[in-house]
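Listed below, chain by chain, are the residues.
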Amino acid sequence: MSRGVDLRVVELSKSFGSKRVLQDLNLEIKPGEFVAIVGRSGCGKSTLLRLISGLDRPTSGGILVDGEPVKQLNPAVRMMFQDARLLLWQRVLHNVGLGLRGNWKPKAQQALEQVGLVDRAHDWIAVLSGGQRQRVALARALVSEPRLLLLDEPLGALDALTRIEMQRLVETIWQDQQFTTLLITHDVEEAVTLGDRVVLLEAGQIALNLAVPLPRPRHRGDPAFAALVEQILHRILSRETVQSQPSPSESVLVYSD
């Protein structure tokens, strides 16, 4: 049985001044489900994660975690960013155990073992590669045994091979621990690789909510995998094409003498 949370987003809207970023958004995520969210920059992806985490408050609507409204930071939720946000003046082990109390070192070491970095526990952050730093950030997110893991483009700055390795690591840990996961990514292939579902946001609303019925682990050379990627990309690009077309009034201006 999954230990992940049941997550429901209900008529959620968020505005910053006169700019509406999310508009009447509804989304249900089952305990232990892995949902990947894609969309162009500015469509509201990161804002949605901040609202779910409790880092920000909605303008209207709400978010329910296990039936309870989100009003503040939830200790069952952890968030991982593109920037590892590590303390360079602390060693790896202390970065992982940041905020823990009592006999925290065994827990931090176990988390480092999960991400394959237990042998670097006493190294300084500065000597680690980008991929290793993200492993430390992942260990820090896992050490408190979250029931909901929010991933805001955490692999975007990594090289291609390291990114694939991290994808496999995230998938393996998620399958083992069965927490609910939301991943924000600009990489449609990454979304199809990891997600049980891929949700496409456009202008603050859900434009596509697509199940990924492929067995794990998934292979990019699989025709069914390629077909799903193409379906999502076609939806994104067709929308961009429509938005780039001039309106009738603009057409008159363009072609008038």
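Computed from a predicted structure; not experimentally measured.

Thresholds applied
- Residues numbered from 1 in each chain as written.
- Predicted model: local features only at pLDDT ≥ 70, side-chain atom pairs only at ≥ 80, totals over all residues.
- Heavy atoms only, no water.
- Domains from an automatic or database assignment.
- Contact = heavy atoms within 4.5 Å.
- Buried area = accessible area lost by both parts, 1.4 Å probe.
- Polar contact = N/O pair within 3.5 Å; in protein donor to acceptor, adjacent residues only side chain to side chain.
- Pairing = 2+ DSSP bridges.
- Helix = DSSP H or I, 4+ residues; strand = E, 2+ residues; numbered from the N terminus.
- Axes fitted to C-alpha atoms, helices over the stretch in contact; angles between N-to-C directions.
- Expected span 1.5 Å × (residues − 1).
- Buried < 20%, exposed > 50% of the residue type's maximum accessible area, 1.4 Å probe, protein only.

Caption draft 1: Representation of the domain arrangement of the protein chain in the model. One can read the domain layout of the protein chain as domain 1 (7–76 + 150–253) and domain 2 (84–145). In this structure, domain 1 and domain 2 have C-alpha centres spaced 27 Å apart. Across the contact, 10 residues belong to domain 1 and 8 residues belong to domain 2. Taking both sides of the interface into account, the surface hidden between domain 1 and domain 2 amounts to around 810 Å²; carbon and sulfur atoms contribute 66%. Applying the counting rule to domain 1 against domain 2 returns 2 residue pairs in polar contact (both at pLDDT 80 or more).

Caption draft 2: Molecular detail of the sheet that holds strand 8 (residues 180–184). One open sheet holds the 6 strands; their spatial order is 6-7-8-3-9-10, and the pairing between them is mixed. The open sheet has two edge strands with one neighbour each: strand 6 (77–81) and strand 10 (205–211). For this sheet the average axis-to-axis angle between neighbouring strands, irrespective of direction, equals 15°. Where strand 6 lies against strand 7 (residues 148–152), 5 bridges are found, and the strand directions are parallel. The partner of Phe-81 across the bridge, within strand 7, is Asp-152. Contacts between helix 1 (residues 45–53) and the sheet are confined to strand 3 (34–38), strand 6, strand 7, strand 8 and strand 9 (197–202), with strand 7 contributing the most and set at about 150° to the helix.

Caption draft 3: Representation of helix 4 (residues 130–142) in the model. The first and last C-alpha atoms of helix 4 sit 18 Å apart over 13 residues, in line with the 18 Å expected at 1.5 Å per residue. With 10 of 13 residues buried, helix 4 lies mostly within the body of the structure. Residues of helix 4 that are buried include every one of Gly-131, Gln-134, Arg-135, Val-136, Ala-137, Leu-138, Ala-139, Arg-140, Ala-141 and Leu-142, and no others. Looking at the packing, one finds that the buried side of helix 4 touches strand 6, helix 2 (92–96), helix 3 (105–114), strand 7 and helix 5 (160–177).

Caption draft 4: Seen up close, the environment of Leu-87. Position of Leu-87 among the secondary structure elements: in the loop between strand 6 and helix 2. Between the C-alpha atoms of Leu-87 and Val-38, which are 49 residues apart in sequence, the distance is 30 Å. Residue contacts for Leu-87: discarding those within four places in its chain leaves Asn-95, Leu-98 and Ile-125.

Caption draft 5: Representation of the sheet that holds strand 5 (residues 68–69) in the model. What the 4 strands build is an open sheet, ordered 2-1-4-5; its pairing is antiparallel. Of all strands in the sheet, those bounded by a partner on one side alone are strand 2 (19–29) and strand 5. Strand direction decides the pairing type here: strand 4 (residues 60–65) and strand 5, joined by 2 bridges, are antiparallel. Bridge pairing in strand 5 links Leu-64 to Pro-69. On the sheet, helix 1 packs against strand 1 (7–16), strand 2 and strand 4 and is oriented at approximately 120° with respect to strand 1.

Caption draft 6: Molecular detail of the pairing of strand 1. Across 7 bridges, the pairing between strand 1 and strand 2 is antiparallel. Among the inter-strand pairings, Leu-12 is bridged to a residue of strand 2, identified as Leu-25. Between the antiparallel neighbours strand 1 and strand 2 lie 2 residues, among them Gly-17 with a positive phi of about 65°. With 5 bridges connecting them, strand 1 and strand 4 associate as antiparallel partners. Among the inter-strand pairings, Leu-7 is bridged to a residue of strand 4, identified as Val-65.

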